[in-house]
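Coordinates in review
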Amino acid sequence: MTLTQRLAEYVRACFTGLWIESHEHDDGIREIAQLCAQEQWQLATWNVATGLSIAGQSAEEATAADPLAAIRALNTLGSEDGAALLVLVNFHRFLGSAEVVQALAQQISAGKQNRTFVVVLSPVVQIPIELEKLFAVIEHELPDRQQLQEIAAGIGTDSGELPKAAELQRVLDSASGLTRYEAENAFSLSLVRHAKIQPDAVWELKTQMLKKSGLLSLHRGSEKFSDLGGLDALKAFCLRAMRGRVDQKLRPKGVLLLSPPGCGKSQFCKALGNETGRPMLHLDVGSLMGSLVGQSEERTRHALRIADAMAPCILFVDEIDKALAGVSSSGQTDSGVSARIFGTLLTWMNDHTSDVMVTATCNDISKLPPEMSRAERFDGVFFVDLPTAEQRKAIWQIYLNAFELDACQKLPADDNWTGAEIKACCRLAALLDLPLTAAAHNVVPVAVTAAESVEKLRTWASGRCLSADHVGIYRREQASGKRRQVRANPANN
């Protein structure tokens, strides 16, 4: 439902106090003016720069520094035949005054008899407690795909400037979450750079938007599934889920990836965005913490609203077990802040209707509360095991090519090595100009340094998690048949 439709309903129902949450004041006033012209309602606007302005009349600059005069002027606008609306722009800045608050309360109450309406247009909702019950809040929605397409068509007017079909859909995907003003700027910048509208300039503007928020970062890497050996079942599951139906009820929730360190969880999440053409938003839970009371919870809600606005996208939470490790003792350590952040995140994961897929990684499932991994929070909890001999062979080839090493040289013994350790060996061989077998002496696999915890994790995952390598449940016994059992003593490997 559009802003004008909602506003028309509330005015007809005689809600005399209306608060419109919007960053786009010019567009908001334009829509309100169109509604008033259509319904033959009177319209007046006030801001601190120009003062009171009544439709069809010049602005009264004398009222610029006196918000009380603007509120009282509403009494002179009412009529028996129709409604009169006074739009107060950025008026939240003046609600610290007791006189202004009292004048607003009286005017809103009196508006029931003379059909005068106070409309506050502000980017934030900060209503004093004295006025909370008197205001109804309306959100000025960000432009939808149809509106973004109209903006793009208005910018790219010459032949070849506006893309067609699938390319146009990618542009609209990239512009999702921008205001009308930001979308106009992004499309114009693309025309200047490329002589046509392309997603690159839009992504640049969205990256700036995320930097300004300080809560999310946009990952724009070059990772691909071909850079990852194995994980065939996990790749197929995610691709099928994200390239399937567009029905809101059938949108993917996300996946939780559990594994020993270095098995490719984070790289898979980063590659998923490129493979599906979706932006990858990285949520650092530490950045949500604020120094003021209630700030952390508000930053969490704001970050999730940004993710919703940028849909379709992927929300990546790395090392979620460490980020939420203190939830169980939050009441004693941080006055319950971590627990409230966790609760907000859980509620959003379960209830959000936006096309946002959550990918989270975890090394120690015991640190996560059980409600995190229950059904409908994630579509699946996958266990990424140590790579098999065949997968390690593929990983060697990837990094031999990446570091331009001789592919014919002898490979070191790599039983129970992870992909990160194979990459480290290749990088050290190139860095130190050594054969792979010599460089391998500088690599101690995590299966040796943390043998007990790796075995504990694999045992826990057996029968509880989906396998990332083959369709179905991960079974410890099947995995043991493909690779030697991890032992604590390096001499036994």
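Note that the coordinates shown come from a computational prediction; the quantities given were computed from them, not determined experimentally. (Residues numbered from 1 in each chain as written. Predicted model: local features only at pLDDT ≥ 70, side-chain atom pairs only at ≥ 80, totals over all residues. Heavy atoms only, no water.)

**Quick word on the overall build of the protein chain**
Across its full length, the protein chain carries 20 helices and 13 strands. Within the protein chain, buried positions represent 49% of all 493 residues. Long-range contacts, defined here as pairs at least 24 residues apart, represent 74% of the contacts in the protein chain between residues at least 6 apart. (Helix = DSSP H or I, 4+ residues; strand = E, 2+ residues; numbered from the N terminus. Buried < 20%, exposed > 50% of the residue type's maximum accessible area, 1.4 Å probe, protein only. Contact = heavy atoms within 4.5 Å.)

**Here's the deal with the nonpolar core**
Judged by nonpolar contacts, the single largest core of 60 residues is most densely connected at Phe187, Leu256, Leu281, Leu315, Ile320 and Met372. With seven residues, helix α14 (residues 337–351) is the single largest residue contributor to this core. Aside from chain neighbours lying at most four places away, what touches leucine 281 is Leu210, Leu216, Ser217, Leu218, Ala307, Met310, Cys313, Ile314, Leu315 and Phe316. One finds Ala44, Leu52, Leu86 and Ile108 within the second-largest nonpolar core, a separate group that totals 27 residues. (Core = buried A, V, L, I, M, F, W, Y, C linked by side-chain atoms within 4.5 Å.)

**Observations regarding the sheet that holds strand β3 (residues 51–54)**
In spatial order, the strands read β3-β2-β4-β5-β1-β6; together these six strands make up an open sheet with mixed pairing. Each having just a single partner strand, β3 and β6 (136–139) make up the two edges of the open sheet. Each adjacent strand pair in this sheet contributes to an overall mean axis angle of 20 degrees, direction not counted. Here strand β4 (residues 84–89) pairs with strand β5 (residues 116–122) via six bridges, running parallel. Residue pairing for β5: leucine 88 is matched across the bridge by valine 120. In this fold helix α1 (residues 3–12) packs onto β1 (17–21), β4, β5 and β6, with an angle of close to 165 degrees to the strand it touches most, β6. With respect to the sheet, helix α4 (residues 98–114) is in contact with β1, β4 and β5, its orientation differing from that of β5 by roughly 135 degrees. (Pairing = 2+ DSSP bridges. Axes fitted to C-alpha atoms, helices over the stretch in contact; angles between N-to-C directions.)

**Structural notes on a nonpolar patch on the surface**
The grouping of Leu431, Leu432 and Leu434 at the surface amounts to a nonpolar patch, some 270 Å² of accessible area in total. Structurally, leucine 434 can be placed in the loop between α16 (419–432) and α17 (436–439). Residue leucine 434 is classed as partly exposed on the basis of its relative accessible area, which comes to 33%. (Patch = residues over 30% accessible without salt bridge, like charges linked within 9 Å, V, L, I, M, F, W, Y side chains within 5 Å. Areas by Shrake-Rupley, 256 points an atom, 1.4 Å probe, with all protein chains shown as cover. Salt bridge = Lys/Arg side-chain N within 4 Å of Asp/Glu carboxyl O.)

**Brief notes about the sheet that holds strand β12 (residues 380–383)**
Reading across the sheet, the seven strands line up as β7-β9-β10-β11-β8-β12-β13 and stay open at both edges, with mixed pairing between neighbours. Either end of the sheet is taken by a strand with one partner, and the two such strands are β7 (216–219) and β13 (466–467). Bridge count between strand β8 (residues 254–258) and strand β11 (residues 356–362): five bridges; the pairing is parallel. Each residue of the ladder has a partner; that of valine 255, found in β11, is threonine 359. Strands β7 and β9 (280–283) of the sheet are contacted by helix α8 (residues 199–213), whose axis makes an angle of about 155 degrees with β7.

**Overview of the packing of aromatic side chains**
Within the structure shown, the criterion is met by 10 aromatic pairs. On the numbers, 5.6 Å between centres and 80 degrees between planes, the contact of tryptophan 19 with phenylalanine 135 is edge-to-face. With tryptophan 19 in strand β1 and phenylalanine 135 in the loop between β5 and β6, this pair connects stretches of sequence that are 116 residues apart. Take tryptophan 19: its relative accessible area is 0%, and that puts it in the buried class. For the pair tyrosine 399 and phenylalanine 403, a centre-to-centre distance of 6.5 Å together with 35 degrees between the ring planes defines the contact as tilted. Classification of tyrosine 399 as buried rests on a relative accessible area of 10%. (Phe/Tyr/Trp six-rings, centres within 6.5 Å; stacked < 30°, edge-to-face > 60°.)

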